[in-house]
Amino acid sequence: QVQLVESGGGLVQPGGSLRLSCAASGSIFSINVMGWYRRAPGKQRELVAAIMSGSNTNYADSVKGRFTISRDNAKNTVYLQMNSLKPEDTAAYYCNVRVRTSPSRVEYTYWGQGTQVTVSS
């Protein structure tokens, strides 16, 4: 079993910054993809950013140039630095990881509990 602990959400004014963290622990052999999704009220969940084990990254068009995803493999932690925040970034943000718990090729997907980001003046 793998546990994810998120932190860093909160209330921020437009133009401000926040940094989200998600630490994975438990039966981890390796972590392939680490990412962040968000769900705004009345909208579908969407991918915000993802980072592969080789450090390749992928961003939603709406956050390119403003958000940066990074990972610390030694700590099994993924970060999302969010700058120039806009009211439309308001959502619950969820950490997502794809984990191998053994040397086999089987991967399991785990989700964090979610952390609320509210951008408002």
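Please refer to the structure higher up on the page.
Thresholds applied
Residue numbers run consecutively from 1 along every chain, following the written order of its sequence. Owing to the predicted nature of the model, reporting of local features is limited to residues with pLDDT of at least 70; listing and counting of side-chain atom pairs is limited to 80 or more, with chain, interface and lining totals taken over all residues. Values reported for side chains reflect all heavy atoms of the structure, with hydrogen atoms and water molecules removed beforehand. Salt bridges are defined as contacts in which a side-chain nitrogen from Lys or Arg sits within 4 Å of a carboxyl oxygen from Asp or Glu. Type-normalised accessible area, obtained with a 1.4 Å probe on protein chains alone, sets the label of each residue: buried when under 20%, exposed when over 50%, and partly exposed for intermediate values. Helix and strand assignments follow DSSP, with helices taken as H or I runs no shorter than four residues and strands as E runs no shorter than two, numbered in order from the N terminus. Two strands qualify as a pair provided DSSP detects at least 2 bridges between them. When checking whether two residues touch, look at their non-hydrogen atoms; a contact exists if any pair is within 4.5 Å. Only the stretch in contact is used when fitting a helix axis, every axis being a line fitted to C-alpha atoms; angles between N-to-C directions are given from 0 to 180 degrees.

A. Just the pattern of salt bridges, in detail. Counted according to the given criterion, the structure contains 5 salt bridges. A salt bridge links E46 to R38; its shortest N-O distance comes to 2.6 Å. Residue classification places R38 among the buried positions, given a relative accessible area of 5%. A salt bridge links E107 to R98, with the nearest nitrogen and oxygen atoms 3.1 Å apart.

B. Quick peek at the pairing of strand β11 (residues 115–119). Only one face of β11 is covered, namely the face carrying T115, V117 and V119; the face carrying Q116 and T118 is uncovered. Across 3 bridges, strand β2 (residues 10–12) lies against β11 in parallel orientation. Bridging from a neighbouring strand, V12 pairs with V119 of β11. Bridge count between strand β9 (residues 91–100) and β11: 3 bridges; the pairing is antiparallel. Paired with Y93 across the bridge in β11 is T115.

C. Local environment of the side chain of R66. Along the chain, R66 turns up in the loop between β6 (57–59) and β7 (67–72). Non-local contacts of R66, meaning those with residues more than four positions away in its chain, are made with Q81, M82, N83, S84, L85, K86 and D89.

D. Spotlight on the sheet that holds strand β3 (residues 18–26). Pairing is antiparallel across the open sheet formed by 4 strands, whose spatial order is β1-β3-β8-β7. This sheet does not close on itself; its edge strands, each paired only once, are β1 (2–7) and β7. Pairwise comparison of adjacent strand axes, ignoring direction, gives a mean angle of 15° for this sheet. Pairing geometry for β3 and strand β8 (residues 77–82), over 6 bridges, is antiparallel. Considered in β8, the bridge of L20 is made with L80.

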